[in-house]
Amino acid sequence: MDDADPLLIALADPARWRLVRLLAERPRPVGVLAQLAEARQPQTTKHLQTLERAGVVTSQRSGQRRVYALRSGPLRELAAALGRLADTADRQGGSRETYDRYGLSLASERRAAEGPGWADERSFRFHRSLTGDPVAVWRHLTETTLLAHWWTPDDLRVSDLVFEARPGGHIVLEYRDVEDTGIASDAGGVGDAGGPEGPGDSGSSGESGSSDPVVGRGDGVVDVARPGERLAYRLSPRLPDGGAAFTAHVDFDLRPTGTGTDLDVHYLIADSTVESADFVAGIEIGFGQCLDKLATALDAAHDTPHDATRPSARTEGKQVQP
C-alpha cells in the first residue's frame, strides 16, 4: 500500500492505539471511549479525528452522540504490506540470509583471531563453469572496464580500480556501498586494464564528496599472467590505519571445455593480523558472490556481439567511470 504513512503515524501514538483496540471490540461513542481510555473527552475526540482522517475509523451521529467504528480493511492492507516486507527480508538466498550467515562467520573468526598469523595457510577453493572461451574469461579477469562490473560482493561497487595484467603489474582496488553514488571527481573512475580482485591500470583514480567513507581498499601485485590459461596475484586488504590486514594469494586456472571455460580459483591467506578477522569472515560469501557476478557478466557477453564488449579506440588505455 502506497499511502501507509498517514495510517502508521496515526497508529504510532499509544493513546490512539488504545482507542483502536477498544473499537475492535465494538463501535462506541466518544464519551464511553474517553471513560474507558481514562482520558479527557476533547483529547479523545482529537485522537478519533486523526484516526478518521487516516481511514482507520468511521463515525456517524446518533441523536446527541457520535459513535465511532473501526474499519478493518486498512488494517488488513497494512498487515499484508508488512507481511510482504517480512517475506522480502526472509526470502531464501536474499540479502538478509547473507547478512545472518556473515554474522555467524564473523563471530567465529573473531573468536579464532588470538594472535598474528592466526589464519595463515587458511585456503578457499572455488569452481565455476563459465560461458565463453578462455579468451573471453581472461578479458573479464584483466580488463578493468569489465572487471569493475563483477569484482565486488553484491552490496558493494568498485570506485577505484587499477590492474596491470603482467608479472609485477600493480593492483589497486577501492570499493563503496553499491547505493552510495557520491560525487565523482573529474579524475575518478576505473582504468582500462584490469584484473579480478583488486584495482588496476597504469593510472589510478578516485572519488570525492561521497556521503559515506570508502568501505575498503586493497593493493597488490600480479605474479603470473598467462593469457587464457593462468592468472595469479597477491592482494592485501587495508585496515583503517593503512596497514595490511593479510595477504591473499589468489590463483585462477582456466581450462577450455566444449561449452566454455572451467575456472578454478585457489585463495590462500598469509600474514594475517588479529584485525583481519572481519575480512576473513567474508571471503567465502563475498568472493563467491563475485564469481557469480562474473558468470552473469559472461552470460550477458555471450549474447552480445563480440565487438560490443571490447573497449573502443577512444576509451582504450584511459580512465573510465565504472
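Residues numbered from 1 in each chain as written. Predicted model: local features only at pLDDT ≥ 70, side-chain atom pairs only at ≥ 80, totals over all residues. Heavy atoms only, no water.

### Describing the sheet that holds strand 2 (residues 57-62)
Our working rule: Two strands make a pair as long as DSSP finds a minimum of two bridges between them. Helix and strand assignments follow DSSP, with helices taken as H or I runs no shorter than four residues and strands as E runs no shorter than two, numbered in order from the N terminus.
Pairing is antiparallel in the open sheet, where 3 strands are placed in the order 1-3-2. Sheet topology places strand 1 (28-29) and strand 2 at the edges, where each strand pairs with a single neighbour. One ladder, built from 6 bridges, connects strand 2 with strand 3 (residues 65-70); its direction is antiparallel. Bridge pairing in strand 3 links Arg 61 to Arg 66.

### Re the environment of Val 250
Note the following rule: A 1.4 Å probe rolled over the protein chains alone gives each residue an accessible area, and that area as a share of the maximum for its type sets the label: buried under 20%, exposed over 50%, partly exposed in between.
Inspection of the secondary structure assignment puts Val 250 in strand 10 (residues 247-256). For Val 250, a relative accessible area of 1% translates into the label buried. Along the chain, Val 250 and Arg 125 lie 125 residues apart, while their C-alpha atoms are 9.8 Å from each other.

### Examining a negative patch on the surface
Filter applied, for reference: Note that patches include only residues with greater than 30% relative accessible area and no salt bridge, and the join distances are 9 Å for like charges and 5 Å for nonpolar side chains (Val, Leu, Ile, Met, Phe, Trp, Tyr). Only the protein chains shown count as cover for residues, and all accessible areas are computed by the Shrake-Rupley method using a 1.4 Å probe. Counted as salt bridges are all cases of a side-chain nitrogen of Lys or Arg within 4 Å of a carboxyl oxygen of Asp or Glu. We score Asp and Glu as negative and Lys and Arg as positive, and we do not count His or the chain ends. We put the charge of a Lys on NZ, of an Arg on CZ, of an Asp on CG and of a Glu on CD.
Side chains of Asp 154, Asp 155, Asp 177 and Glu 179 sit close together on the surface and give a patch of like negative charge. Along the polypeptide, Asp 155 turns up in the loop between helix 8 (144-147) and strand 5 (156-163).

### Regarding the confidence of the model for the chain
Selection rule: Per residue, pLDDT measures the predictor's confidence, with a range of 0 to 100. The contact criterion used is simple: two residues touch if any of their non-hydrogen atoms lie within 4.5 Å.
Averaged over every residue, the pLDDT of the chain is 85; the share at 70 or more is 83%. Across residues 184-210, confidence stays below pLDDT 50; counting only partners more than four residues off in sequence or on other chains, it has 134 contacts. Every residue in residues 308-322 is under pLDDT 50, and counting partners more than four places away or in other chains gives 35 contacts.

### Brief notes about the packing of aromatic side chains
Under the convention used in this document: Working definition: a ring pair exists when centres of Phe, Tyr or Trp rings (six-membered ring for Trp) sit within 6.5 Å. Plane angles under 30 degrees give stacked, over 60 give edge-to-face, the rest tilted.
What the rule picks out here adds up to 10 aromatic pairs. Between Tyr 267 and Phe 287, the aromatic rings sit 5.5 Å apart at their centres with planes inclined by 65°, giving edge-to-face as the arrangement. On the criterion of sequence distance, the pair formed by Tyr 267 in strand 11 (residues 260-270) and Phe 287 in helix 10 (residues 283-302) is long-range, its members being 20 residues apart. When sorted by exposure, Tyr 267 lands in the same class as Phe 287, which is buried. Cluster of aromatic residues (ring-pair linked, three or more members): Phe 124, Phe 126, Trp 150, Trp 151, Phe 163, Tyr 233, Phe 252, Tyr 267 and Phe 287.

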